[in-house]
Amino acid sequence: MKISFLLVVFIFFSVSGFAQVQDTTTVDQQNETSLPKPQLDKSRIYYGGYVTMNFSKNYSVIGAQPLVAYKLTPKLSVGTQVSYEYISDSRYIEDQNGSNYGASIFSRFRVTPRLYTHTEFELMSYKFYFPEDRKLVPMFYVGGGYSQPISPNVWLNAQVLFDVLNHKNSPYKDWEPYFSLGIGVGF
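Just so we're clear, the structure is a prediction, and the values are computed from it rather than from any experiment. (Residues numbered from 1 in each chain as written. Predicted model: local features only at pLDDT ≥ 70, side-chain atom pairs only at ≥ 80, totals over all residues. Heavy atoms only, no water.)

Student: It is not clear to me how the nonpolar core should be interpreted in this structure. Could you clarify?
Tutor: One recurring pattern in soluble globular proteins: nonpolar side chains tend to sit buried together. Met124, Tyr126, Val137, Met139, Tyr141, Leu161, Tyr172 and Tyr178 together form the largest nonpolar core, which totals eight residues. Where this core is concerned, the elements lending two or more residues are strand S5 (115-129) and strand S6 (132-151). For this core, the leading source of residues is S6, giving three residues. In this structure Tyr178 touches Gln65, Tyr141, Gln159, Val160, Leu161 and Tyr172, once residues within four positions along its chain are discounted. Ranked by size, the runner-up nonpolar core spans six residues in total, among them Tyr46, Leu67, Ala69 and Tyr116. (Core = buried A, V, L, I, M, F, W, Y, C linked by side-chain atoms within 4.5 Å. Buried < 20%, exposed > 50% of the residue type's maximum accessible area, 1.4 Å probe, protein only. Helix = DSSP H or I, 4+ residues; strand = E, 2+ residues; numbered from the N terminus. Contact = heavy atoms within 4.5 Å.)

Structure (structure tokens):
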């Protein structure tokens, strides 16, 4: 059931259009010189990121997630981000320090100028302590967010996501929300 739901969500946000291809090589050769070559529109690129901070008596996390994305249409964009977290954990007999890192791809759809939906597939390499091991953990987030303009091209983003894949090594429990705040430039 979860896999069917994930496939439907992923296909919905990933498909942007279809095209037909002509089979005639002479038409392609004639049009090859007359058609302009597609170029990347730099005005459609935006970047930003999120900072993670969690401090408690025995457990602390500091992380960063820079991102870059491209607006396919005024409402639909796709992008990628990398993630890094430094963890200090003294909840057990001895202090444990380590790093988690990974990358993700995402899509966003603007429902209104300030509200958006968000889907994201992420692979994170987590360090586990008992037994000491490093494992690659997949996560599929679904959720949405709110963007508040700070200046004409800078936005403050707040989003809530849910890991619907719920891999056995995921740090999130079933339907536990994941909150984040970040900055977007050109968004």
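Now that the structure has been shown, the text picks up again.
Student: Mind showing me how you'd approach the pattern of salt bridges here?
Tutor: Where charged atoms of side chains with opposite charge meet at close range, the side chains can pair. Tallying each qualifying case throughout the model produces one salt bridge. Put simply, Asp41 and Arg44 hold a salt bridge, and the shortest N to O gap is 3.5 Å. (Salt bridge = Lys/Arg side-chain N within 4 Å of Asp/Glu carboxyl O.)

Student: Quick question: what am I supposed to make of the sheet that holds strand S2 (residues 59-71) here?
Tutor: Backbone hydrogen bonds hold the strands of a sheet together, and the pairing may be parallel or antiparallel. With antiparallel pairing, eight strands are arranged side by side around a closed barrel as S1-S2-S3-S4-S5-S6-S7-S8. Pairwise comparison of adjacent strand axes, ignoring direction, gives a mean angle of 25° for this sheet. Bridge count for S5 against S6 is 15 bridges, and the pairing is antiparallel. Bridged to Met124 within S6 is Val137. (Pairing = 2+ DSSP bridges. Axes fitted to C-alpha atoms, helices over the stretch in contact; angles between N-to-C directions.)

Student: Just checking my understanding: could you explain the environment of Leu161 for this structure?
Tutor: Its place among the elements puts Leu161 in strand S7 (residues 154-163). Considered as a pair, Leu161 and Gly145 are 16 residues apart in the sequence and their alpha carbons are 8.5 Å apart.

Student: Please explain the side chain of Asn166 as it appears in this structure.
Tutor: With respect to the helices, strands and loops of the structure, Asn166 is situated in the loop between S7 and strand S8 (177-185). Judged by its relative accessible area of 18%, Asn166 falls in the buried class. Here the side chain of Asn166 touches Asp163 through a polar contact of 3.4 Å, landing on its backbone oxygen. Among the polar contacts listed, one links the side chain of Asn166 to the backbone oxygen of Lys173, at a separation of 3.5 Å. (Polar contact = N/O pair within 3.5 Å; in protein donor to acceptor, adjacent residues only side chain to side chain.)

Functional significance is not addressed by these values, which are geometric in nature.
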